[in-house]
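# Fold and contact review
Chain by chain, the residues run as shown.
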Amino acid sequence: MIIKKVMVIGAGQMGSGIAQVCAMNGYDVTLHDLKAEFVERGITGIRKQLKRQVDKGRITNDEMETFLSRISTSVELKNAENVDIVIEAAVENMEVKKNLFAQLDEFAPEHAILATNTSSLPITEIAAVTKRPEKVIGMHFMNPVPVMKLVEIIRGLATSEDVFISVKNMAESLKKIAVEVNDFPGFVSNRILMPMINEAIYTVYEGVASPKDVDEVMRLGMNHPMGPLTLADFIGLDTCLYIMETLHEGFGDDKYRPCPLLRKYVKAGWLGKKSGRGFYTYE
(Lines give C-alpha, C1' and ligand atoms only; values in the text may rest on other atoms or scores of the structure.)
Protein backbone atom coordinates (compact mmCIF):
# COMPACT_ATOMS: atom_id res chain seq x y z
CA MET A 1 0.00 0.00 0.00
CA ILE A 2 1.26 3.48 -0.91
CA ILE A 3 0.78 6.10 1.81
CA LYS A 4 0.40 9.69 0.64
CA LYS A 5 -2.10 11.37 2.96
CA VAL A 6 -1.55 11.40 6.72
CA MET A 7 -3.75 12.56 9.58
CA VAL A 8 -2.08 13.25 12.92
CA ILE A 9 -4.36 13.31 15.97
CA GLY A 10 -3.05 15.63 18.68
CA ALA A 11 -1.19 18.87 18.03
CA GLY A 12 0.99 18.78 21.13
CA GLN A 13 4.74 18.32 21.14
CA MET A 14 4.69 14.76 19.79
CA GLY A 15 1.89 15.24 17.26
CA SER A 16 3.36 18.47 15.92
CA GLY A 17 6.75 16.80 15.57
CA ILE A 18 5.23 13.88 13.65
CA ALA A 19 3.30 16.29 11.38
CA GLN A 20 6.51 18.26 10.76
CA VAL A 21 8.64 15.30 9.69
CA CYS A 22 5.83 13.95 7.50
CA ALA A 23 5.44 17.32 5.73
CA MET A 24 9.21 17.65 5.32
CA ASN A 25 9.31 14.29 3.56
CA GLY A 26 6.58 14.88 1.00
CA TYR A 27 3.39 13.76 2.73
CA ASP A 28 0.15 15.75 2.76
CA VAL A 29 -0.71 16.15 6.44
CA THR A 30 -3.89 16.98 8.32
CA LEU A 31 -3.10 18.07 11.90
CA HIS A 32 -6.11 17.52 14.17
CA ASP A 33 -6.97 18.49 17.73
CA LEU A 34 -10.07 19.20 19.82
CA LYS A 35 -9.91 22.98 19.46
CA ALA A 36 -8.67 25.32 16.74
CA GLU A 37 -6.44 27.12 19.25
CA PHE A 38 -4.62 23.85 20.03
CA VAL A 39 -4.00 23.21 16.33
CA GLU A 40 -2.81 26.78 15.74
CA ARG A 41 -0.41 26.46 18.67
CA GLY A 42 0.94 23.30 17.05
CA ILE A 43 1.39 25.03 13.68
CA THR A 44 3.15 27.94 15.42
CA GLY A 45 5.52 25.46 17.05
CA ILE A 46 6.26 23.78 13.72
CA ARG A 47 6.95 27.15 12.08
CA LYS A 48 9.30 28.04 14.94
CA GLN A 49 11.20 24.76 14.56
CA LEU A 50 11.50 25.18 10.80
CA LYS A 51 12.63 28.81 11.16
CA ARG A 52 15.51 27.59 13.31
CA GLN A 53 16.51 25.27 10.46
CA VAL A 54 16.40 28.24 8.06
CA ASP A 55 18.53 30.34 10.42
CA LYS A 56 21.10 27.54 10.59
CA GLY A 57 21.20 27.28 6.80
CA ARG A 58 19.86 23.72 6.75
CA ILE A 59 16.79 24.59 4.68
CA THR A 60 15.76 27.63 2.66
CA ASN A 61 12.87 29.95 3.43
CA ASP A 62 11.10 28.67 0.31
CA GLU A 63 11.48 25.09 1.52
CA MET A 64 10.02 26.07 4.89
CA GLU A 65 6.96 27.57 3.21
CA THR A 66 6.58 24.47 1.01
CA PHE A 67 6.64 22.21 4.08
CA LEU A 68 4.07 24.37 5.87
CA SER A 69 1.82 24.41 2.79
CA ARG A 70 1.52 20.63 3.03
CA ILE A 71 -0.12 20.86 6.48
CA SER A 72 -3.85 21.51 6.78
CA THR A 73 -5.74 21.82 10.06
CA SER A 74 -8.73 19.99 11.50
CA VAL A 75 -11.05 20.00 14.49
CA GLU A 76 -13.47 17.40 13.03
CA LEU A 77 -12.59 13.68 13.04
CA LYS A 78 -14.65 13.22 9.86
CA ASN A 79 -11.69 14.83 8.07
CA ALA A 80 -10.11 11.37 8.27
CA GLU A 81 -12.34 10.29 5.37
CA ASN A 82 -9.66 10.85 2.69
CA VAL A 83 -6.43 9.75 4.41
CA ASP A 84 -4.25 6.66 3.99
CA ILE A 85 -3.01 6.53 7.58
CA VAL A 86 -3.98 8.11 10.89
CA ILE A 87 -1.25 8.51 13.51
CA GLU A 88 -2.80 9.14 16.93
CA ALA A 89 -0.66 11.11 19.38
CA ALA A 90 -3.27 12.06 21.98
CA VAL A 91 -2.97 11.81 25.78
CA GLU A 92 -1.59 8.51 27.13
CA ASN A 93 -4.93 7.22 28.40
CA MET A 94 -6.53 3.96 27.29
CA GLU A 95 -10.14 5.15 27.42
CA VAL A 96 -9.32 8.27 25.38
CA LYS A 97 -7.52 6.17 22.78
CA LYS A 98 -10.30 3.56 22.57
CA ASN A 99 -12.89 6.29 22.05
CA LEU A 100 -10.76 7.90 19.32
CA PHE A 101 -10.10 4.64 17.49
CA ALA A 102 -13.78 3.63 17.57
CA GLN A 103 -14.66 6.96 15.92
CA LEU A 104 -11.76 6.83 13.46
CA ASP A 105 -12.88 3.36 12.43
CA GLU A 106 -16.18 4.90 11.32
CA PHE A 107 -14.71 7.91 9.50
CA ALA A 108 -11.47 6.63 7.92
CA PRO A 109 -11.68 4.86 4.53
CA GLU A 110 -11.60 1.08 4.50
CA HIS A 111 -7.99 0.89 3.30
CA ALA A 112 -6.65 3.32 5.93
CA ILE A 113 -4.17 2.21 8.59
CA LEU A 114 -4.85 3.33 12.16
CA ALA A 115 -1.57 3.82 14.05
CA THR A 116 -1.00 4.91 17.64
CA ASN A 117 2.03 6.69 19.04
CA THR A 118 1.37 5.20 22.50
CA SER A 119 4.52 4.73 24.55
CA SER A 120 3.25 1.82 26.66
CA LEU A 121 -0.40 0.81 26.12
CA PRO A 122 -1.43 -2.50 24.48
CA ILE A 123 -1.97 -2.23 20.72
CA THR A 124 -4.21 -5.32 20.75
CA GLU A 125 -6.61 -3.75 23.25
CA ILE A 126 -6.85 -0.54 21.21
CA ALA A 127 -7.40 -2.53 17.99
CA ALA A 128 -10.24 -4.52 19.58
CA VAL A 129 -12.62 -1.53 19.51
CA THR A 130 -12.34 -1.34 15.69
CA LYS A 131 -13.67 -3.50 12.86
CA ARG A 132 -10.17 -3.50 11.30
CA PRO A 133 -7.78 -4.87 13.96
CA GLU A 134 -5.50 -6.13 11.17
CA LYS A 135 -4.93 -2.48 10.16
CA VAL A 136 -4.12 -1.21 13.69
CA ILE A 137 -0.45 -0.85 14.66
CA GLY A 138 1.85 0.95 17.08
CA MET A 139 4.16 3.63 15.66
CA HIS A 140 6.08 4.96 18.67
CA PHE A 141 8.21 7.98 17.80
CA MET A 142 10.82 9.33 20.21
CA ASN A 143 10.84 12.90 21.57
CA PRO A 144 11.81 15.30 20.01
CA VAL A 145 10.50 13.72 16.82
CA PRO A 146 12.46 15.82 14.27
CA VAL A 147 15.76 14.90 15.97
CA MET A 148 15.41 11.33 17.24
CA LYS A 149 15.98 8.57 14.68
CA LEU A 150 14.13 5.66 16.30
CA VAL A 151 10.56 4.51 15.66
CA GLU A 152 9.31 1.43 17.50
CA ILE A 153 6.79 -0.39 15.30
CA ILE A 154 4.55 -2.61 17.39
CA ARG A 155 2.40 -5.36 15.98
CA GLY A 156 -0.90 -6.08 17.70
CA LEU A 157 -2.19 -9.65 17.86
CA ALA A 158 -4.06 -9.21 14.56
CA THR A 159 -1.80 -6.73 12.70
CA SER A 160 -1.25 -7.92 9.12
CA GLU A 161 2.15 -8.32 7.50
CA ASP A 162 1.18 -5.89 4.72
CA VAL A 163 0.33 -3.18 7.25
CA PHE A 164 3.58 -3.76 9.11
CA ILE A 165 5.61 -3.45 5.90
CA SER A 166 3.74 -0.29 4.82
CA VAL A 167 4.34 1.41 8.17
CA LYS A 168 7.99 0.30 8.26
CA ASN A 169 8.50 1.73 4.76
CA MET A 170 6.82 4.97 5.79
CA ALA A 171 9.06 5.30 8.87
CA GLU A 172 12.13 4.79 6.70
CA SER A 173 10.86 7.41 4.23
CA LEU A 174 10.85 9.83 7.19
CA LYS A 175 14.59 9.06 7.57
CA LYS A 176 13.92 7.08 10.74
CA ILE A 177 15.24 3.69 11.80
CA ALA A 178 12.34 1.30 12.33
CA VAL A 179 12.64 -1.40 15.00
CA GLU A 180 10.10 -4.24 15.18
CA VAL A 181 8.66 -4.84 18.65
CA ASN A 182 5.97 -7.21 19.94
CA ASP A 183 2.99 -6.06 21.99
CA PHE A 184 4.18 -6.12 25.62
CA PRO A 185 3.72 -3.38 28.25
CA GLY A 186 6.23 -0.55 27.68
CA PHE A 187 7.48 -2.27 24.48
CA VAL A 188 11.33 -2.07 24.59
CA SER A 189 12.11 1.62 25.14
CA ASN A 190 9.98 2.31 28.20
CA ARG A 191 10.25 -1.17 29.68
CA ILE A 192 13.98 -0.45 30.09
CA LEU A 193 14.00 3.34 30.51
CA MET A 194 11.20 3.89 33.01
CA PRO A 195 12.41 1.43 35.68
CA MET A 196 15.82 3.17 35.48
CA ILE A 197 14.16 6.56 36.01
CA ASN A 198 12.01 5.10 38.80
CA GLU A 199 15.13 3.69 40.52
CA ALA A 200 16.83 7.09 40.21
CA ILE A 201 13.82 8.63 41.97
CA TYR A 202 14.11 5.98 44.70
CA THR A 203 17.74 7.01 45.30
CA VAL A 204 16.53 10.57 45.98
CA TYR A 205 13.56 9.34 48.04
CA GLU A 206 15.85 7.20 50.23
CA GLY A 207 18.40 10.01 50.69
CA VAL A 208 21.20 8.28 48.80
CA ALA A 209 22.02 11.43 46.78
CA SER A 210 20.55 14.69 45.53
CA PRO A 211 18.88 14.88 42.09
CA LYS A 212 21.87 16.79 40.73
CA ASP A 213 24.36 14.21 42.00
CA VAL A 214 22.30 11.26 40.75
CA ASP A 215 22.24 12.86 37.31
CA GLU A 216 25.99 13.60 37.42
CA VAL A 217 26.75 9.93 38.18
CA MET A 218 24.74 8.73 35.18
CA ARG A 219 25.90 11.49 32.85
CA LEU A 220 29.61 11.44 33.66
CA GLY A 221 29.99 7.85 34.82
CA MET A 222 27.71 6.09 32.33
CA ASN A 223 28.07 8.56 29.44
CA HIS A 224 24.34 9.32 29.25
CA PRO A 225 23.61 12.58 27.37
CA MET A 226 21.43 13.73 30.28
CA GLY A 227 20.71 12.39 33.75
CA PRO A 228 17.58 10.28 34.40
CA LEU A 229 15.93 12.92 36.59
CA THR A 230 16.51 15.69 34.05
CA LEU A 231 15.07 13.33 31.45
CA ALA A 232 12.07 12.58 33.67
CA ASP A 233 11.37 16.30 34.00
CA PHE A 234 11.62 16.64 30.22
CA ILE A 235 9.24 13.71 29.58
CA GLY A 236 6.78 14.85 32.27
CA LEU A 237 6.51 13.20 35.68
CA ASP A 238 2.81 12.49 35.11
CA THR A 239 3.72 10.57 31.95
CA CYS A 240 6.46 8.68 33.81
CA LEU A 241 3.97 7.73 36.54
CA TYR A 242 1.36 6.59 34.03
CA ILE A 243 3.87 4.38 32.22
CA MET A 244 5.13 2.87 35.49
CA GLU A 245 1.52 2.12 36.47
CA THR A 246 0.97 0.47 33.07
CA LEU A 247 4.09 -1.68 33.56
CA HIS A 248 3.09 -2.55 37.14
CA GLU A 249 -0.42 -3.54 36.12
CA GLY A 250 0.64 -5.29 32.92
CA PHE A 251 3.31 -7.50 34.47
CA GLY A 252 2.00 -7.73 38.05
CA ASP A 253 5.58 -7.46 39.29
CA ASP A 254 6.52 -5.13 42.17
CA LYS A 255 9.81 -4.27 40.53
CA TYR A 256 7.69 -1.86 38.46
CA ARG A 257 6.01 -0.24 41.49
CA PRO A 258 6.15 3.57 41.10
CA CYS A 259 8.23 5.35 43.72
CA PRO A 260 6.07 7.16 46.34
CA LEU A 261 8.07 10.35 45.69
CA LEU A 262 7.02 10.25 42.03
CA ARG A 263 3.38 9.99 43.09
CA LYS A 264 3.81 12.85 45.56
CA TYR A 265 5.33 15.18 42.96
CA VAL A 266 2.55 14.45 40.48
CA LYS A 267 -0.13 15.07 43.12
CA ALA A 268 1.59 18.36 43.95
CA GLY A 269 1.45 19.41 40.30
CA TRP A 270 5.24 19.23 40.01
CA LEU A 271 5.21 17.65 36.56
CA GLY A 272 8.64 18.72 35.36
CA LYS A 273 9.61 21.26 32.73
CA LYS A 274 6.07 21.77 31.41
CA SER A 275 4.78 22.92 34.83
CA GLY A 276 7.93 24.85 35.80
CA ARG A 277 8.93 22.49 38.59
CA GLY A 278 9.84 18.83 38.97
CA PHE A 279 13.16 17.57 40.28
CA TYR A 280 14.49 20.92 39.10
CA THR A 281 12.97 24.41 38.84
CA TYR A 282 12.47 25.99 35.41
CA GLU A 283 11.90 29.60 34.46
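Here the structure is a predicted model, which means the values were calculated and not measured.

Right, let's get into the overall build of the protein. Regarding its fold elements, the protein presents eleven helices and eight strands. The principal-axis extent of the C-alpha atoms belonging to the protein is close to 55 × 45 × 30 Å. Total accessible area computed for the protein in this model is approximately 13,900 Å², and 53% of it derives from carbon and sulfur atoms. In the protein, 33 side chains carry a positive charge and 37 a negative one; their mean positions are 5 Å apart.

Moving on to the pairing of strand S7 (residues 150-155). Within S7, five of the six residues are buried, leaving the element largely enclosed by the surrounding structure. Looking at chain direction, strand S6 (residues 136-141) and S7 are connected through five bridges and run antiparallel. Directly across from Ile-137, in S7, lies its bridge partner Arg-155. Relative to strand S8 (residues 177-182), S7 is paired through six bridges, and the arrangement is parallel. Residue Leu-150 lies in a different strand from S8, and its bridge partner there is Ile-177. Remark: the S7/helix H6 (residues 161-173)/S8 crossover connection has right-handed handedness.

Take the packing of helix H7 (residues 189-205) against helix H9 (residues 228-235) next. Packing of H7 against H9 leaves a shortest axis separation of 9 Å and a crossing angle of 115°. The orientation of H7 relative to H9 falls into the category roughly perpendicular. Considering only the axes of H7 and H9, their crossing is left-handed. Taking contact as the criterion, the partners of Leu-193, Met-194, Met-196, Ile-197, Ala-200, Ile-201 and Val-204 in H7 are, on H9, Pro-228, Leu-229, Leu-231, Ala-232 and Ile-235.

In this structure the tally under the stated criterion is four aromatic pairs. For the pair Tyr-265 and Phe-279, a centre-to-centre distance of 4.9 Å together with 40° between the ring planes defines the contact as tilted. You can see Tyr-265 sitting in helix H11 (residues 260-267) and its partner Phe-279 sitting in the segment after H11, a full 14 residues away along the chain. The burial state of Tyr-265 is the same as that of Phe-279; both residues are buried. Aromatic ring contacts, followed pair by pair, group Tyr-265, Trp-270 and Phe-279 into a single cluster. Across the ring face of Phe-164, the terminal group of Arg-155 is positioned such that the distance to the ring centre comes to 4.0 Å. The cationic tip of Arg-277 hangs over the ring face of Trp-270; the distance from NZ or CZ to the ring centre is 3.7 Å.

This next bit is on the sheet that holds S7. The mixed open sheet is built from eight strands, whose spatial order is S3-S2-S1-S4-S5-S6-S7-S8. Here the strands that pair on one side only, and so sit at the sheet edges, are strand S3 (71-74) and S8. Here the strands of the sheet are splayed against their neighbours by 25° on average, with no regard to which way each runs. One ladder, built from four bridges, connects strand S1 (residues 5-9) with strand S4 (residues 85-88); its direction is parallel. Residue pairing for S4: Ile-9 is matched across the bridge by Glu-88. Together, strand S2 (28-32) and S3 form the strand contacts of helix H2 (residues 36-55), whose direction differs from that of S3 by roughly 160°.

Counting 41 residues, the largest nonpolar core has Val-6, Leu-31, Ile-85, Ile-87, Met-139, Phe-141 and Met-170 as its most contacted members. If you tally residues by element for this core, the top one is helix H1 (residues 13-24), at six residues. Ignoring any residue separated from it by four or fewer positions in sequence, one finds Phe-141 in contact with Met-14, Ile-18, Ile-87, Asn-117, Leu-150, Val-151 and Leu-174. Grouped together as the second largest cluster of nonpolar side chains are 24 residues, Leu-229, Leu-241, Leu-271 and Phe-279 included.

Moving on: a positive patch on the surface. On the surface, Lys-48, Arg-52, Lys-56 and Arg-58 cluster together into a patch of positive charge. Tracing the backbone shows Arg-52 in helix H2.

To continue, consider the UniProt feature "domain: 3-hydroxyacyl-CoA dehydrogenase C-terminal" (unreviewed entry) in the protein. Per the UniProt record, the feature "domain: 3-hydroxyacyl-CoA dehydrogenase C-terminal" (unreviewed entry) sits at residues 186-282. The straight-line gap between the two end C-alpha atoms of residues 186-282 is 28 Å; of that span, 61% is helix and 0% is strand.

Another point: unusual backbone geometry. Residue Pro-144 is bonded to the preceding Asn-143 through a cis peptide linkage, with omega at 0°. Note on placement: Pro-144 falls in the loop between S6 and S7. Even without glycine at this site, Lys-175 takes up a positive phi of about 65°. Assignment of secondary structure puts Lys-175 in the loop between H6 and S8. Despite not being glycine, Asn-223 shows a phi value in the positive range, around 65°. With respect to the secondary-structure elements, Asn-223 resides in the loop between helix H8 (211-221) and H9.

Reading guide: rules and limits
Residues numbered from 1 in each chain as written. Predicted model: local features only at pLDDT ≥ 70, side-chain atom pairs only at ≥ 80, totals over all residues. Heavy atoms only, no water. Helix = DSSP H or I, 4+ residues; strand = E, 2+ residues; numbered from the N terminus. Areas by Shrake-Rupley, 256 points an atom, 1.4 Å probe, with all protein chains shown as cover. Lys, Arg positive; Asp, Glu negative; His and termini not counted. Charge placed at Lys NZ, Arg CZ, Asp CG, Glu CD. Buried < 20%, exposed > 50% of the residue type's maximum accessible area, 1.4 Å probe, protein only. Pairing = 2+ DSSP bridges. Right-handed = clockwise from strand over helix to strand, strands pointing away. Axes fitted to C-alpha atoms, helices over the stretch in contact; angles between N-to-C directions. Parallel < 35°, antiparallel > 145°, perpendicular 65-115°, else oblique. Left-handed = near helix turned anticlockwise from the far one by under 90°. Contact = heavy atoms within 4.5 Å. Phe/Tyr/Trp six-rings, centres within 6.5 Å; stacked < 30°, edge-to-face > 60°. Lys NZ or Arg CZ within 6 Å of the ring centre and 35° of its normal. Core = buried A, V, L, I, M, F, W, Y, C linked by side-chain atoms within 4.5 Å. Patch = residues over 30% accessible without salt bridge, like charges linked within 9 Å, V, L, I, M, F, W, Y side chains within 5 Å. Salt bridge = Lys/Arg side-chain N within 4 Å of Asp/Glu carboxyl O. UniProt positions renumbered as here; feature names shortened; annotations may be inferred.

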